[in-house]
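What follows is each chain in one-letter form.
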Amino acid sequence: MKERIHYTKPSITELEVRYATDAAANGWGEKCYEYINRFEEAFKAHLGVKYAIATSSCTGALHMGMAALGIGRGDEVIMADSNWIATASPIVHLGAKPIFVDILPDSWCLDPELVEQAITPHTKAIVAVHLYGNLCEMDKLLAIGEKYGIPVIEDAAEAIGSIYHGKRAGSMGKFGAFSFHGTKTLTTGEGGIFVTNDPELYEHVLTLSNHGRARGQTKQFWPDMVGFKYKMSNIQAAIGCAQMERIGELICRKREIFLYYRNQLATFLGISINPEPTGIVNGAWMPTVVFDEYTNITREDLQIAFAKENIDARVFFHALSNLPMFEKQKSTLISSSIPKRSINLPSYHDLTRADQDRVMAVIKSLISH
Ligand SMILES: *Cc1c(COP(=O)(O)O)cnc(C)c1O
């Protein structure tokens, strides 16, 4: 049996180990927030935003941000049907309803026209998820948000390194959220971050993130509201600081892997990979191939072919409207169709050229049939 090719794993060097060891040995007492503060500063500088709060997950960052926007019972939040459930759960936990709209066939992200059609008097926010590093049409979404007075939230969990006409993903909306889960481009094991340029929203989320204790409160153990506990630990942040020193290299390697796949497939018909239209840089978190319907190549064909070669390939996210807890929602055409004929390709940083050639051989064997 050939050696297994995993689909993602983090890039951890001696630097991450050194910082984590230092945090574990010395990062207590007066120093208990040092790596956290450093990590937040580094992330703000990278993204070009004013405020950041490191969290235990992206889901937690979304939950607090949405709570601070006042999203609650009876409200609706519009998002794409093609997505990981993590974006929808905080909406549900707040008592609001996620409204799933279909995606565009090329970017696999929100269709702005359908977003506008889905707006009702109950709409409280639009969540732009930059799927697999591809970018939403932010100009159009922000214009719709402005027109109806509805905030646009960016779930940029998959979009570190993605740039939309000079602006980094996660820096354009009312707030942005990132994930540092072990499968993502930059990792802290588990972790996330809330980012915004809005000083009031920042203060509100900061208070929420500290169990409702406001920064200016002088009384000890005196919460001013019911908050949350979604903090990142100093040890996780230490790993994050090392990763931030390597952020350029981490993104660059992801893009190299993506571009190699893209070039290899360029001459084949009936297959597409993550797009990179003019003015856009794709952070390339997850190279994903989608076969045209006429090829009749299915997700199951792909899974079988990859399994035979001992390669770990993951399925495209199922449309949320097809999941049992959301079955009352209308299902959507493109979000339901694409997962049936697509697959995520392995893309971790240490993947070799030979590994990539093994992955491509599987794809090419299917196309030439
Ligand atoms: C990974 C991911 C999340 C969840 O991140 P966690 O840190 O695991 O909470 C949210 N949204 C999207 C689009 C993701 O890919």
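(A) Up close: the overall build of the protein chain. A tally of regular secondary structure across the protein chain gives 12 helices and 14 strands. The globule rule puts the C-alpha radius of gyration for 369 residues at 21 Å, and the 21 Å found for the protein chain is close to it. For the C-alpha atoms alone, the extent of the protein chain along its principal axes is close to 70 × 55 × 35 Å. Looking at the protein chain residue by residue over its 369 residues, the buried ones come to 57%. Considering only residue pairs separated by 6 or more positions, the protein chain has 69% of its internal contacts joining residues 24 or more positions apart. A total accessible area of about 16400 Å² is found for the protein chain, and carbon and sulfur atoms account for 54% of it.

(B) Region of the structure containing the nonpolar core. In this structure, Phe39, Phe43, Met66, Phe178 and Phe180 are the most contacted members of the largest nonpolar core, which totals 92 residues. Looking at which element gives the most residues to this core, the answer is helix α3 (residues 58-68), with 7 residues. Once you skip the residues sitting within four places of it in the chain, Phe180 turns out to touch Phe39, Phe43, Ile160, Leu186, Thr187, Thr188, Gly189, Glu190, Gly191, Gly192, Ile193 and Met232. If you look at the next biggest cluster of nonpolar residues, it comprises 26 residues, including Phe258, Ala305, Ala313 and Val359.

(C) The arrangement of helix α2 (residues 34-47) in detail. A rise of 1.5 Å per residue sets the reference length of α2, with its 14 residues, at 20 Å; its end C-alpha atoms lie 20 Å apart and thus fit the reference within 8%. Two residues or fewer past α2, Gly48 is found with a positive phi of approximately 80°.

(D) Spatial organisation of the site of the ligand. Taken together, 14 residues form the shell around the ligand, and within it Thr59, Asp155, Glu158, Ser179 and Lys184 come nearest. Ser179 has a polar side-chain atom sitting 2.7 Å from an oxygen atom of the ligand. A distance of 3.2 Å separates an oxygen atom of the ligand from a polar atom in the side chain of Lys184. The fraction of the free accessible surface of the ligand (380 Å²) that becomes covered by protein chains is 91%. The residue inventory of the shell around the ligand, partitioned by class, reads 5 nonpolar, 6 polar and 3 charged.

(E) Expanded view of the pattern of salt bridges. Enumeration over the complete set of coordinates arrives at 17 salt bridges. Among the salt bridges present, the one from Arg38 reaches Glu245, with a minimum N-O distance of 3.6 Å. Placement of Arg38 in helix α2 and of Glu245 in helix α8 (residues 234-245) is noted, with a sequence separation of 207 residues between them. A residue is classified by how much of its surface remains accessible, and Arg38, at 39% relative accessible area, is partly exposed. Where Asp198 meets Lys174, a salt bridge forms, and the shortest distance between an N and an O atom there is 2.8 Å. Remark: Lys174 occurs in the loop between β7 (167-168) and β8 (175-179) and Asp198 occurs in the loop between β9 (192-196) and α7 (199-209); sequence separation between them is 24 residues. Given the relative accessible area of 21%, Asp198 is considered partly exposed.

(F) Focus on the packing of α3 against α7. Here α3 crosses α7 at 120°, and the two axes come no closer than 9 Å. Accordingly, the angle class assigned to the pair α3 and α7 is oblique. Seen from above, α3 lies across α7 with right-handed handedness. Seen from α3, the contacting residues are Met64, Gly65, Ala67 and Ala68; seen from α7, they are Leu201, His204, Val205, Leu208 and Ser209. In the contact of α3 with α7, the residues fall into 6 nonpolar, 3 polar and no charged.

Rules behind the numbers
- Sequence order as written defines the numbering, with residues in each chain counted from 1.
- In view of the model being predicted, local features appear only for residues whose pLDDT reaches at least 70, and side-chain atom pairs are presented and counted only at 80 or more, with totals across whole chains, interfaces and linings using the full set of residues.
- Side-chain measures were taken over the full set of non-hydrogen atoms in the model, leaving aside hydrogen atoms and water.
- In this text, helices come from DSSP runs of H or I with a minimum length of four residues, and strands from runs of E with a minimum of two, each type numbered from the N-terminal end.
- Radius of gyration here is computed from C-alpha atoms only, and the compact-globule reference equals 2.2 Å multiplied by the residue count raised to the power 0.38.
- Exposure classes here rest on a 1.4 Å probe applied to the protein chains alone. A residue is buried below 20% of its type maximum, exposed above 50%, and partly exposed in between.
- Contact definition: two residues touch when any of their heavy atoms are within 4.5 Å.
- Surface exposure here means Shrake-Rupley accessible area, sampled with a 1.4 Å probe, where a residue is shielded only by the protein chains that are shown.
- For this analysis, a nonpolar core means a set of buried residues of the types Ala, Val, Leu, Ile, Met, Phe, Trp, Tyr and Cys, connected via side-chain atoms within 4.5 Å.
- An expected span of 1.5 Å times one less than the residue number is assigned to each helix.
- We call a residue near a given molecule or strand whenever any one of its heavy atoms falls within 4 Å of it.
- The term polar contact refers here to a pair of N or O atoms within 3.5 Å; inside protein, the definition further demands a hydrogen-donor-capable atom paired with an acceptor-capable atom, and it admits residues adjacent in sequence only when both atoms are side-chain atoms.
- Under this grouping Gly is polar, as are all residues other than the nonpolar Ala, Val, Leu, Ile, Met, Phe, Trp, Tyr, Cys and Pro and the charged Asp, Glu, Lys and Arg.
- One side-chain nitrogen of Lys or Arg within 4 Å of one carboxyl oxygen of Asp or Glu is enough to make a salt bridge.
- Where helices are involved, their axes are fitted lines through C-alpha atoms of the stretch in contact, as for all axes, and angles between N-to-C directions lie from 0 to 180°.
- For classification purposes, an angle smaller than 35 degrees is called roughly parallel, one larger than 145 roughly antiparallel, one from 65 to 115 roughly perpendicular, and anything else oblique.
- Working rule for handedness: look at the near helix, and if it is turned counterclockwise from the far one by less than a right angle, call the crossing left-handed; if clockwise, right-handed.

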